Amino acid sequence: MGNSTKITLKIIPFKNPSGQVAYRVTGMIYGERIQKNFPTHAEARTFMDGLVKAAGQGESLPTRVTTTIFPRDEDLHDAQLAWQRLRAQVPTGSLTTAVDYYLAHAGDVIKDCAALEAIDNFAEHRRSRGNRDNTVDNATTILKKFLRVAKVVKISDFTREVAQKFISDSTVEMRTRRDRYDHLYNWSEYLKGEKHLVRNFIGEMDRPQVTYDGKVSTLTVAQILALLRRAARAPVGRKKGEKIGAMLAYFSVCSLSGLRPDEAKRLGPDWRWYSREHRLITGFRAKGKATPRTVAIDDNLIEILEHCKRLGFSPSSYSTKAFVNIRIEAEAYDGWDNDILRHTYASHHYAWKKDMGYLEKNMGNTEDVLKRSYLDQTIPEKVGAALFVITLADILAP
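Every chain is numbered independently, its residues counted from 1 as its sequence is written. Where local features are concerned, this predicted model is filtered to residues with pLDDT of at least 70; where side-chain atom pairs are given and counted, the filter is 80 or more; whole-chain, interface and lining totals use all residues. Side-chain figures throughout are based on the complete set of non-hydrogen atoms in the structure, without hydrogens or water.

> What is the right way to look at the overall build of the protein chain in this model?
For helices the rule is a DSSP run of H or I covering at least 4 residues; for strands it is a run of E covering at least 2, with both sets numbered from the N terminus onward. Along the backbone of the protein chain there are 17 helices and 8 strands. Burial status follows relative accessibility: with a 1.4 Å probe on protein chains alone, a residue under 20% of its type maximum counts as buried, one over 50% as exposed, and anything between as partly exposed. When each of the 398 residues of the protein chain is scored for burial, the buried share is 39%. A contact between two residues is defined here by any heavy atoms of the two lying within 4.5 Å. At a minimum sequence separation of 6, the contacts of the protein chain that also span at least 24 residues come to 61%. Accessible surface computed for the protein chain: about 22900 Å², of which carbon and sulfur atoms make up 51%. Only the protein chains shown count as cover for residues, and the accessible areas themselves come from Shrake-Rupley with a 1.4 Å probe.

Okay, structure coming up:
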């Protein structure tokens, strides 16, 4: 203990957790430690002066003043125990320094396990809380894609760096980045609760913000034709087994119907989702819905799909590398967002037919959303109609 005859009190300004400046009276009076916080400097000064005056008059010191930020006695006891263990090993050690060192060097994983197993357990946890199967399936689909793309096998492979790269992927639109962030955040919260992670480091990242500036991004009819022509000729896959033109089905249904890009990727090689007789694509789940929806298709898309079907290609014959290369070679890479093909389809169809009810059903959006976020209503009727007379011959022409 220090000099029991000395008075060393001072006032220290600091910022409390709410960001407000407060004042702490701290120090020693005759061997007794004093520490108390006040909202104003005047109150702190009054308290300190009173202590000094009482000490000078030989009066008994007031009961020791202590404050704590811990909400429970158990938390305070845990902190005291940690301090005692530290001082037993390092008599002059600082608990704050010890905590800082731990956070900097301990890593994020407490208990490792297989990442795929952790996702399955997370899915069961969500279902046990009453989440709908469709909601859980959407989450697990995105999380499993993260494992594949980031090559995450164990929880110890799950780092801030690989998560940030997956979330910030510039080839997907901002809403997709936001959804990826949200699903990884929720999974990380679960992993933290199950003692797999020290902390949810996803929460330390900036959440992607989706903003609407009133401008709708679309492509021209010439750009769509260029994309389809390039897709019909582009190689997909490795050289030994590459498939020429396999991406034509994907680009066709995305630019000439109301399908969403992620919906198109799920249209597989069995072609059960396609009905030439009824002029429909059907059997897939809509975004956020538990039941399937259908999308009507026009003559030119039917012709293209029949061609792709004969060649054995479906919209699920998708390659990210080919997707990027086709856009670059068709000079449609800059300014791309994930829904630009849907924007183009909806804007040109509305310019051609002015049928909002048709678009509501086939796009799966309300009139308000379509007008606000999907439709460029400045496109002339003749230009709109031109999109729907692109033929297979136009695409395959030399």
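There's more to say after this.
> What's the story with the nonpolar core in this structure? I'm lost.
As a rule of thumb, nonpolar side chains are buried together in soluble globular proteins. Buried Ala, Val, Leu, Ile, Met, Phe, Trp, Tyr and Cys residues that are joined via side-chain atoms within 4.5 Å together make up what is termed a nonpolar core. Among the nonpolar cores identified, the biggest contains 54 residues, and Leu-227, Met-247, Phe-251, Trp-336 and Leu-341 are the most heavily contacted of them. Looking at this core, the elements that each hand over two or more residues are helix 8 (221–231), helix 9 (248–255), helix 11 (299–311), helix 12 (320–329), helix 13 (340–353), helix 14 (356–363) and helix 15 (367–374). Broken down by element, the residue count for this core peaks at 6 residues, all from helix 9. The contact partners of Met-247, leaving out residues within four places of it in the chain, are Ala-231, Val-236, Ser-317, Tyr-318, Ser-319, Ala-322, Phe-323 and Ile-326.

> Can you help me understand the packing of aromatic side chains in this one?
To describe a pair of aromatic rings, one takes the distance between the centres and the angle between the planes. To pair, rings of Phe, Tyr and Trp, with the six-membered ring standing in for Trp, must have centres within 6.5 Å; the planes then decide the type, stacked if under 30 degrees apart, edge-to-face if over 60, and tilted in the middle. With the rule as written, the count across this model stands at 18 aromatic pairs. Ring geometry for Phe-122 versus Tyr-190: centroids 5.5 Å apart, planes at 50 degrees, classification tilted. Taken together, the positions of Phe-122 in helix 4 (residues 115–128) and Tyr-190 in helix 7 (residues 174–193) put the pair 68 residues apart, joining distant regions of the chain. Taking relative accessible area as the criterion, Phe-122 reaches 3% and is therefore assigned buried. Look at Tyr-250 and Phe-323: their rings are 6.1 Å apart centre to centre, the planes differ by 85 degrees, and that puts the pair in the edge-to-face class.

> What should I look at first to understand the environment of Cys-113 in this one?
Locating Cys-113 in the fold gives a position in the loop between helix 3 (95–105) and helix 4. Along the backbone, Cys-113 and Val-153 are 40 residues apart, and their C-alpha atoms lie at a distance of 8.8 Å. Leave out the neighbours within four places in its chain, and Cys-113 touches Ala-118, Val-153, Lys-154, Ile-155 and His-196.

> Mind showing me how you'd approach the pattern of salt bridges here?
One side chain can pair with another of opposite charge once the charged atoms of both are near each other. Here a salt bridge means any side-chain nitrogen of Lys or Arg lying within 4 Å of a carboxyl oxygen belonging to Asp or Glu. Tallied over the full model, the rule gives 21 salt bridges. With its nearest N and O atoms 3.4 Å apart, the salt bridge here joins Glu-124 to Arg-127. In this pair, Glu-124 and Arg-127 both sit in helix 4, 3 residues apart, roughly one turn of the helix. Accessibility expressed as a relative area gives 30% for Arg-127, which makes it partly exposed. For Arg-342, the salt bridge goes to Asp-339, with nearest N and O atoms at 3.8 Å. By the burial criterion, Arg-342 is buried, and Asp-339 matches it. Linked through salt bridges whose partners overlap, the residues forming this network are Glu-124, Arg-127, Asp-133 and Asp-137.

> Is there a simple way to think about the pairing of strand 2 (residues 21–29) in this case?
On a regular strand, each side chain points to the face opposite its neighbour's, so the side chains alternate between the two faces of the sheet. At least two DSSP bridges between two strands are needed for those strands to be called paired. As paired elements, strand 1 (residues 7–15) and strand 2 share 9 bridges and run antiparallel to each other. Looking at the pairing, Leu-9 lines up with Gly-27 of strand 2. Strand direction decides the pairing type here: strand 2 and strand 3 (residues 32–38), joined by 7 bridges, are antiparallel. For Met-28, the partnering residue across the bridge sits in strand 3 and is Arg-33.

> Teacher, can you tell me more about the packing of helix 4 against helix 5 (residues 133–150) here?
The interhelical angle for the contact between helix 4 and helix 5, taken along N-to-C directions, is 165 degrees, at an axis separation of 10 Å. Taken together, the axes of helix 4 and helix 5 are roughly antiparallel relative to one another. Once helix 4 is placed against helix 5, the crossing between them reads as right-handed. Between helix 4, through Ala-115, Leu-116, Ile-119, Asp-120, Phe-122, Ala-123, Arg-126 and Arg-127, and helix 5, the contact on the second element is made entirely by Asp-133, Thr-135, Val-136, Asp-137, Ala-139, Thr-140, Leu-143, Lys-144 and Leu-147. Throughout, an axis means a line fitted to C-alpha atoms (over the contacting stretch in the case of helices), and angles, computed between N-to-C directions, take values from 0 to 180 degrees. For classification purposes, angles smaller than 35 degrees are called roughly parallel, those larger than 145 roughly antiparallel, those between 65 and 115 roughly perpendicular, and all remaining angles oblique. Here a crossing is called left-handed whenever its near helix is offset anticlockwise from the far helix by less than a right angle, and right-handed whenever the offset is clockwise.

> Can you help me understand the sheet that holds strand 1 in this one?
Two modes of strand pairing occur in sheets, parallel and antiparallel, and in both the strands are linked by backbone hydrogen bonds. The strand order 1-2-3 describes an open sheet built from 3 strands, whose pairing is antiparallel. For this open sheet the edge positions go to strand 1 and strand 3, each flanked by a neighbour on one side alone. The sheet shows a mean angle of 15 degrees between the axes of neighbouring strands, taken without regard to direction.

> What should I look at first to understand the side chain of Asp-298 in this one?
When you line up the elements, Asp-298 lands in the loop between strand 8 (292–296) and helix 11. Note on charges: Lys and Arg go in the positive column, Asp and Glu in the negative column, and His and the chain ends are not counted at all. For the buried Asp-298, no salt bridge exists, and the shortest N-O distance to an oppositely charged side chain is 4.5 Å, to Arg-279. For Asp-298, the contacting residues outside a window of four places in its chain are Arg-279, His-349, Trp-352, Tyr-358 and Phe-388.

> Please clarify how a nonpolar patch on the surface should be interpreted in this entry.
Two joining distances apply to patches: 9 Å for like charges and 5 Å for nonpolar side chains (Val, Leu, Ile, Met, Phe, Trp, Tyr), and every residue must have over 30% relative accessible area and no salt bridge. Taken together, the side chains of Ile-7, Tyr-30 and Val-52 make up a nonpolar region of the molecular surface, amounting to roughly 220 Å² of accessible area. Within the secondary structure layout, Ile-7 lies in strand 1. The class for Ile-7 is partly exposed, based on a relative accessible area of 33%.

> What am I meant to see in helix 15 here?
An α-helix turns once per 3.6 residues; consequently, residues spaced three or four apart project the same way. Buried residues of helix 15: Leu-370, Ser-373 and Tyr-374, and no others. All buried residues of helix 15 fall inside an arc of 100 degrees around its axis, so they share one side. Taken from the helix axis, the directions to the C-beta atoms give the arc we talk about.

> Can you walk me through the layout of surface pockets in this structure?
What the largest pocket holds in volume is close to 1600 Å³. By residue number, the principal contributor to the lining of the largest pocket is helix 5, which donates 10 residues. For this classification, Asp, Glu, Lys and Arg are treated as charged, while Ala, Val, Leu, Ile, Met, Phe, Trp, Tyr, Cys and Pro are nonpolar and the rest, including Gly, are polar. Split into classes, the residues belonging to the lining of the largest pocket amount to 16 nonpolar, 11 polar and 20 charged. Cavities and pockets are found on a 1 Å grid laid over the protein atoms alone: a cavity is a set of points where a 1.4 Å probe fits but cannot escape, a pocket is an open set with protein on both sides within 12 Å along at least five of seven lines, and a lining residue has an atom within 4 Å of such a point. Grid points are joined across faces, edges and corners, and a volume is the space filled by probe spheres set on the points.

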